[in-house]
Amino acid sequence: MDIDNDADLTVRRALFEQVRRHTGIAMNERKWVMLKGRLRRRIMTLGLPDYGDYLRVLATSAEEVRDFVDLVTTNETSFFRTPRIWDYLARDFLPHWAANRAGETLRVWSAAASSGEEAWSTAMLCEEFRARHPAMRYAIVGTDISDGILANARAGHYVGRSMEGLRQQRPELVQKYFRSDANGIAVTEPLRAHVSFRRHNLYDVPRELGQFDLVLLRNVLIYFDLEGQKAVLANVRRAMRPGAVLIVGESESLSRVADGFAFEQPLIYRNLERQPGAQA
Ligand SMILES: C[S@@+](CC[C@H](N)C(=O)[O-])C[C@H]1O[C@@H](n2cnc3c(N)ncnc32)[C@H](O)[C@@H]1O
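Residues numbered from 1 in each chain as written. Predicted model: local features only at pLDDT ≥ 70, side-chain atom pairs only at ≥ 80, totals over all residues. Heavy atoms only, no water.

### Here's the deal with the domain arrangement of the chain
- Looking at the chain, the domain boundaries give domain 1 (9-72) and domain 2 (83-271).
- Of note, the centres of domain 1 and domain 2, computed from C-alpha atoms alone, are 30 Å apart.
- Here domain 1 meets domain 2 over a buried area of about 690 Å², counting both sides, of which 51% is carbon and sulfur.
- There are one salt bridge connecting domain 1 and domain 2.
- Linking Asp-225 and Arg-20 is a salt bridge whose minimum nitrogen-to-oxygen distance equals 3.1 Å.
- Here domain 1 is connected to domain 2 by six residue pairs in polar contact (both at pLDDT 80 or more).
- Mapped onto the side of domain 1 that touches domain 2, the elements with two or more residues apiece are α1 (9-23) and α4 (62-72). (Domains from an automatic or database assignment. Buried area = accessible area lost by both parts, 1.4 Å probe. Salt bridge = Lys/Arg side-chain N within 4 Å of Asp/Glu carboxyl O. Polar contact = N/O pair within 3.5 Å; in protein donor to acceptor, adjacent residues only side chain to side chain. Helix = DSSP H or I, 4+ residues; strand = E, 2+ residues; numbered from the N terminus.)

### Side note on the site of the ligand
- The environment of the ligand is formed by 22 residues, the closest being Thr-23, Thr-77, Arg-81, Asp-144 and Asn-219.
- One of the side-chain N or O atoms of Asp-144 is found 2.6 Å from an oxygen atom in the ligand.
- Computed on the free molecule, the ligand has an accessible area of 600 Å², of which 99% lies beneath the protein chains in the complex.
- Here the shell around the ligand is composed, by residue class, of seven nonpolar, ten polar and five charged. (Near = heavy atom within 4 Å. Areas by Shrake-Rupley, 256 points an atom, 1.4 Å probe, with all protein chains shown as cover. Nonpolar A, V, L, I, M, F, W, Y, C, P; charged D, E, K, R; others polar.)

### Points about unusual backbone geometry
- A positive phi angle, near 65°, is found at Thr-82, a position not held by glycine.
- Position of Thr-82 among the secondary structure elements: in the loop between α4 and α5 (83-101).
- Here the phi dihedral of Ser-114 falls at roughly 50°; this positive angle occurs in a residue that is not glycine.
- One can find Ser-114 in the loop between β1 (105-110) and α6 (117-132).
- Residue class for Ser-114 comes out buried when judged on its relative accessible area of 5%. (Buried < 20%, exposed > 50% of the residue type's maximum accessible area, 1.4 Å probe, protein only.)

### Some points on α1
- Here α1 spans 21 Å end to end across 15 residues, near enough to the 21 Å set by a 1.5 Å rise per residue.
- Buried within α1 we find Val-11, Arg-12, Leu-15, Phe-16, Gln-18, Val-19, His-22 and Thr-23. Relative to the axis of α1, the buried residues are bounded by an arc of 155° and lie together on one face. The outward face of α1, more than 90 degrees from its buried face, is lined by the exposed residues Thr-10, Arg-13 and Arg-21.
- Residues of α1 that are buried sit in contact with α2 (32-45), α3 (51-60) and α4.
- At the N-terminal end of α1, a side-chain oxygen is found 3.1 Å from the backbone nitrogen of Thr-10, two or three residues along, and the residue is Asp-8.
- Once α1 finishes, Gly-24 follows within two positions and takes phi at roughly 80°, a positive value. (Expected span 1.5 Å × (residues − 1). Arc of directions from axis to C-beta. Contact = heavy atoms within 4.5 Å.)

Okay, here's the thing in structure tokens:
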């Protein structure tokens, strides 16, 4: 078979199954053209004749699984995506935090961090707030399932649309927290001291991440089916302190999927006091 020919239904289904198995992302026939587009070049690079052969490689190579995960995930993001959320954090969340929890370290989880713009945006916001509240301490953990995109997040080096977007929206923050080089802009030390990135699959119980006061789980639930969303939210809640805030993406809502969260305002939820499995 030629790679330009379509895979038959059985192979397509097996590929969707591999996507689900390794990422939890739900795909079906409607996503085939997209998936095919993403895999085609990789299969050609490997010199394989068709998608069926690629499935065999995937079954035996952990390295290939890593590349596969990088390919099948959608990493679109930007600095200060959805301005309303950042207004809420600056005007409501952080001042409340400072008033009630002074002396503690604010722990934030960017739970589908992609190339890091969300985590670095949070760090800039916290740093700006800290200039007016010097006692404030904070730590931000960014996680993602894709090793490839996490390498970009750690590098903190931005070009193209990401950089232009930030320059247009918040030029003063670019001046303060980035240095420019020939190609783009790179995050500087004051932010780096507070931000770390690590691989984490949202389908796994977050045992080693600790407890968070604020979780950004944005624009990732949309890739999971209802059961997947429920499982992920139950896991995420395990890493949230009672009263912690959860923020989801613009086209996401917890109404059908999550127990244990109270609606605060659109996209913003609060973890109720009792943790799953706790004694009544
Ligand atoms: C569209 S980006 C969202 C980035 C950012 N949160 C935002 O809203 O701009 C979705 C990210 O979720 C990640 N992702 C997909 N499935 C995941 C899983 N099972 N566990 C952890 N991250 C996952 C992808 O790798 C991708 O980087």
